[in-house]
Amino acid sequence: MGIKDQFQDKAERMQQQGKQRAEQAKDQLQNRDQNRDRRRDEDEMDPSSRRRDAEDRFDESFDA
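Predicted, not measured: the structure shown is a model, and the values here were computed from it. (Residues numbered from 1 in each chain as written. Predicted model: local features only at pLDDT ≥ 70, side-chain atom pairs only at ≥ 80, totals over all residues. Heavy atoms only, no water.)

Trainee: Is there a simple way to explain the overall build of the protein in this structure?
Mentor: Looking only at helices and strands, one finds two helices and zero strands in the protein. Burial statistics for the protein: of 64 residues in total, 2% are counted as buried. Per element, the accessible surface of the protein, about 6,400 Å² overall, is 47% carbon and sulfur. (Helix = DSSP H or I, 4+ residues; strand = E, 2+ residues; numbered from the N terminus. Buried < 20%, exposed > 50% of the residue type's maximum accessible area, 1.4 Å probe, protein only. Areas by Shrake-Rupley, 256 points an atom, 1.4 Å probe, with all protein chains shown as cover.)

Trainee: Could you clarify how one ought to interpret the pattern of salt bridges in this entry?
Mentor: Think of it this way: side chains of opposite charge can pair up when their charged atoms draw near. For the coordinates displayed, the defined rule picks out one salt bridge. Measuring nitrogen to oxygen at the nearest pair gives 3.3 Å for the salt bridge that ties R36 to D33. Taken together, the residues span about one helical turn, with R36 and D33 both in helix α1 (residues 3-45) at a distance of three residues. Judged by its relative accessible area of 37%, R36 falls in the partly exposed class. (Salt bridge = Lys/Arg side-chain N within 4 Å of Asp/Glu carboxyl O.)

This is the structure:
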């Protein structure tokens, strides 16, 4: 196997890795957006939960 073939193989591997990483990043972004939408929907259905969370955090910081 010549040097040219080695470089070509390495370039192909790197290209495949780049595609895989881009796909993983895309999936993570979609999951994050879905989770954010779900939390927003839950907050809209129960707005008091946001206030309770804030009060809980305040109580925790006060205890410390």
